[in-house]
Amino acid sequence: MSNPAGARLATLLRLGLAALFIYASLDKIAHPAAFAVAIGHYQMLPGFLAALLAAILPWLELGCGLALLLNRGVAGATLLVAGMNLLFILAITAALARGLDISCGCFSTSGAGSRVGVTRLLEDLGLLIAAVWLYLRAIAAPRPDFA
Amino acid sequence: MLRWFPAWALRQALLLLLAAGLTGLVANHLNPRGVALQPGGSAIAGMAAMEESDGAELPRPITLVQLQLLLGREAALLLDARSRDEYRAGHLPGAVSLPFEDGSEERARIELLPRDRWLICYCDGGGCELSEHLGLELVGRGFKKVAVYRGGIEEWRQHHALVQEEAHE
């Protein structure tokens, strides 16, 4: 892991993921009710769980984004980011398989936001790979800097 | 397994999860645009009950969240019960103007409305009655899927900056 090009790439990916997750969280944090509706469109969760997820998930995105930005608790943050992306991939796949034409709820809670589609799926897959790679780097060089 | 998920990494993840969960619940509680968290009383459960019920005698009152769900599934048509001028000044996205107080020419259009979609009547909100009257008339003419969004324009504006302004007839 002492490869300097790898280290530079890791920093770049870490900051990229941080910016993306912080940005993605903001509109959802401001509008939990609208985000709950966006989750409801996926028709995967009972109402109460959709509401709970709408209240918490945006803050988890923000928390992970900040951890990555500050380079603190990167292992935990990348683990959660990978988990979230896995969920997003499952949700989008299920929506596509059932032919739902719904807005994604990814970056914006307004119904005018981007639709779910294969592009979103590939983006999330890329993010998942980046998060897993960063996680593996983080646990290979343990620096348990918080918790 | 333990090699891939060392305890310290899991602890970090758990701490982040707890912090986000607590912050999220508190922030949602304080946010006027927060989502209602009581189990059972959820909008989506209410929607399921709504879609099963048939042969309604009264228009069903629906909430903002139910309205958004119906619109998202394109299973609904919004009917603006206010005057044509008020409609032109701003209406809910996709709504059709059907002023309750207009003459027979307008009434004839009621027969053209779809019977397989929810017809959602609204007016200004805050206790306006035009939407209730329109809803009752629709039920009286044999439409089964009739709802009234009592929050109306007023509540919609509080939650969405977007109120369509061009005419849409």
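Conventions we followed
Along each chain, residues carry numbers from 1 onward, in the same order as the chain's sequence is written. Lettering of chains starts at A and numbering of ligands starts at 1, both following the order in which they are written. Only residues with pLDDT of at least 70 are given local features in this predicted model, and only at 80 or more are side-chain atom pairs given and counted; all residues enter the totals for whole chains, interfaces and linings. With hydrogens and water stripped out, all remaining heavy atoms of the structure feed into the side-chain values. We count a salt bridge whenever a side-chain nitrogen from Lys or Arg sits within 4 Å of a carboxyl oxygen from Asp or Glu. For helices the rule is a DSSP run of H or I covering at least 4 residues; for strands it is a run of E covering at least 2, with both sets numbered from the N terminus onward. Each residue gets one of three labels from its accessible area relative to the maximum for its type: buried under 20%, exposed over 50%, partly exposed in between, using a 1.4 Å probe on protein chains only. In this description, a line fitted to the C-alpha atoms serves as the axis of each element, helices being fitted only across the stretch in contact, and the angle between N-to-C directions of two axes falls anywhere from 0 to 180 degrees. The cut-offs work like this: below 35 degrees is roughly parallel, past 145 is roughly antiparallel, 65 to 115 is roughly perpendicular, and the gaps in between are oblique. Crossing handedness is read from the near helix: turned anticlockwise from the far helix by less than a right angle, it gives a left-handed crossing, and turned clockwise, a right-handed one. The contact rule is simple, with two residues in contact once any of their heavy atoms fall within 4.5 Å. As a working rule, the residues Ala, Val, Leu, Ile, Met, Phe, Trp, Tyr, Cys and Pro are called nonpolar, Asp, Glu, Lys and Arg charged, and the rest polar, with Gly in that last group. Every residue is assigned a pLDDT by the predictor, reflecting its confidence on a scale from 0 to 100.

Draft legend 1. Molecular detail of the pattern of salt bridges. Residues and elements named next belong to chain B. Counted under the stated rule, the structure contains nine salt bridges over all chains. Here D85 and R88 are joined by a salt bridge, their closest N and O atoms 3.7 Å apart. Residue D85 and its partner R88 are both found in helix α4 (residues 84-89); the two are separated by three residues, about one turn of the helix. Residue classification places D85 among the exposed residues on the basis of a relative accessible area of 57%. Across the pair E111 and R115 runs a salt bridge, and its minimum N-O distance is 3.6 Å. Residue class for E111 comes out partly exposed when judged on its relative accessible area of 44%. Connected through salt bridges with shared partners, the residues E111, R115, E137 and R141 form a single ionic network.

Draft legend 2. Structural view of the packing of helix α1 (residues 4-30) of chain A against helix α5 (residues 118-140) of chain A. Residue and element names in this part refer to chain A. At a minimum axis separation of 10 Å, α1 and α5 run at an interaxial angle of 125°. It follows that α1 is oblique to α5 by the angle criterion. Our pair here, α1 against α5, has a crossing hand that is left-handed. Contacts between α1 and α5 pair G6, A7, L9, A10, L13, R14, L17 and L20 from the former with L127, A130, A131, W133, L134 and R137 from the latter. Looking at the contact of α1 with α5, its residues break down into 11 nonpolar, one polar and two charged.

Draft legend 3. Representation of the confidence of the model for chain A within the structure. Of the residues in chain A, 92% have a pLDDT of 70 or more, and the chain-wide mean is 88. The least confident element of chain A, judged by mean pLDDT, is helix α2 (residues 32-41) of chain A at 79; the most confident is helix α4 (residues 74-97) of chain A at 96.

Draft legend 4. Molecular detail of the environment of A147(B). Residue and element names in this part refer to chain B. Position of A147 relative to the elements: it lies in strand β5 (residues 146-149). Residues A147 and L119, 28 residues apart in the sequence, show an inter-C-alpha distance of 6.0 Å. Setting aside residues no more than four positions away along its own chain, A147 makes contact with R60, I62, W118, L119, I120 and C121.

Draft legend 5. Region of interest: unusual backbone geometry. Even without being a glycine, N71(A) presents a positive backbone phi close to 60°. Topologically, N71(A) is positioned in the loop between α3 (47-70) and α4.

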